[in-house]
Amino acid sequence: VFRLSWALTFLPLWAVFGVLGLVAVGVGCLALGVLLLREPYERGQRALFLLCFVILVTITTSGSLFLAALTRRLDSPTSRVTNAAIIVPLICGYGVLLGCYLTF
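Residues numbered from 1 in each chain as written. Predicted model: local features only at pLDDT ≥ 70, side-chain atom pairs only at ≥ 80, totals over all residues. Heavy atoms only, no water.

(A) Main features of the overall build of the protein. The number of helices and strands found in the protein is 4 helices and 0 strands. Reading the protein from its N end, one meets helices and strands in the order α-α-α-α. In summary, the protein has a C-alpha radius of gyration of 18 Å against a globular reference of 13 Å for 104 residues, an excess of more than 25%. The principal-axis extents of the C-alpha atoms in the protein amount to approximately 65 × 25 × 15 Å. Taken across its 104 residues, the protein has 24% of its residues classed as buried. Across the protein, every contact between residues at least 6 apart in sequence was considered, and the portion connecting residues at least 24 apart equals 65%. Looking at the protein as shown, the accessible area adds up to about 7,400 Å², and 75% of this sits on carbon and sulfur atoms. (Helix = DSSP H or I, 4+ residues; strand = E, 2+ residues; numbered from the N terminus. Rg over C-alpha atoms; globule rule 2.2 N^0.38 Å. Buried < 20%, exposed > 50% of the residue type's maximum accessible area, 1.4 Å probe, protein only. Contact = heavy atoms within 4.5 Å. Areas by Shrake-Rupley, 256 points an atom, 1.4 Å probe, with all protein chains shown as cover.)

(B) Representation of the packing of helix α3 (residues 43-75) against helix α4 (residues 83-103) within the structure. Contact geometry for α3 and α4: axes closest at 8 Å, N-to-C directions at 170°. With respect to α4, the element α3 is oriented roughly antiparallel. Along its contact with α3, which presents Leu51, Val54, Ile55, Thr58, Ile59, Ser62, Leu65, Phe66, Ala69, Leu70 and Arg73, the element α4 presents Asn83, Ala85, Ile86, Pro89, Leu90, Gly93, Val96, Leu97 and Cys100. Tallied by class, residues from the contact of α3 with α4 come to 15 nonpolar, 4 polar and 1 charged. (Axes fitted to C-alpha atoms, helices over the stretch in contact; angles between N-to-C directions. Parallel < 35°, antiparallel > 145°, perpendicular 65-115°, else oblique. Nonpolar A, V, L, I, M, F, W, Y, C, P; charged D, E, K, R; others polar.)

(C) Region of the structure containing α4. Across its 21 residues, α4 extends 30 Å between first and last C-alpha, which sits within 8% of the 30 Å expected from 1.5 Å per residue. Looking only at α4, the buried set comprises Ile86, Pro89, Leu90, Gly93, Leu97 and Cys100. Buried positions along α4 lie against α3. (Expected span 1.5 Å × (residues − 1).)

(D) How the structure looks around the packing of helix α2 (residues 11-36) against α3. Relative orientation of the contacting elements α2 and α3 amounts to 150°, with a least axis distance of 9 Å. Judged by the inter-axis angle, α2 sits roughly antiparallel to α3. Taken as a pair, α2 and α3 cross one another with a handedness that is left-handed. The residue makeup of the contact of α2 with α3, split by class, is 19 nonpolar, 6 polar and 1 charged. (Left-handed = near helix turned anticlockwise from the far one by under 90°.)

What follows is the structure, encoded as structure tokens:
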């Protein structure tokens, strides 16, 4: 009996997180330029840009880790991936997003 992986079910989400990863790399290159720019009147804009970059990276990494752990858990019922290992990346990611929101 041929069993398909749960990764195929989540293929649209893998594509979304792949695109978000590419966007994060591109924005990271722009972030270097923003950080190296030494204009005093750009401080607020620089802070907002870096806040958005942190939010993008947090969503991408926490979502990808969650999806990988969930796929591993669903593919193998005898796997050693605990429920806590699946949900902790999301809780940490949302905690970072909440912290960024409350900071600004």
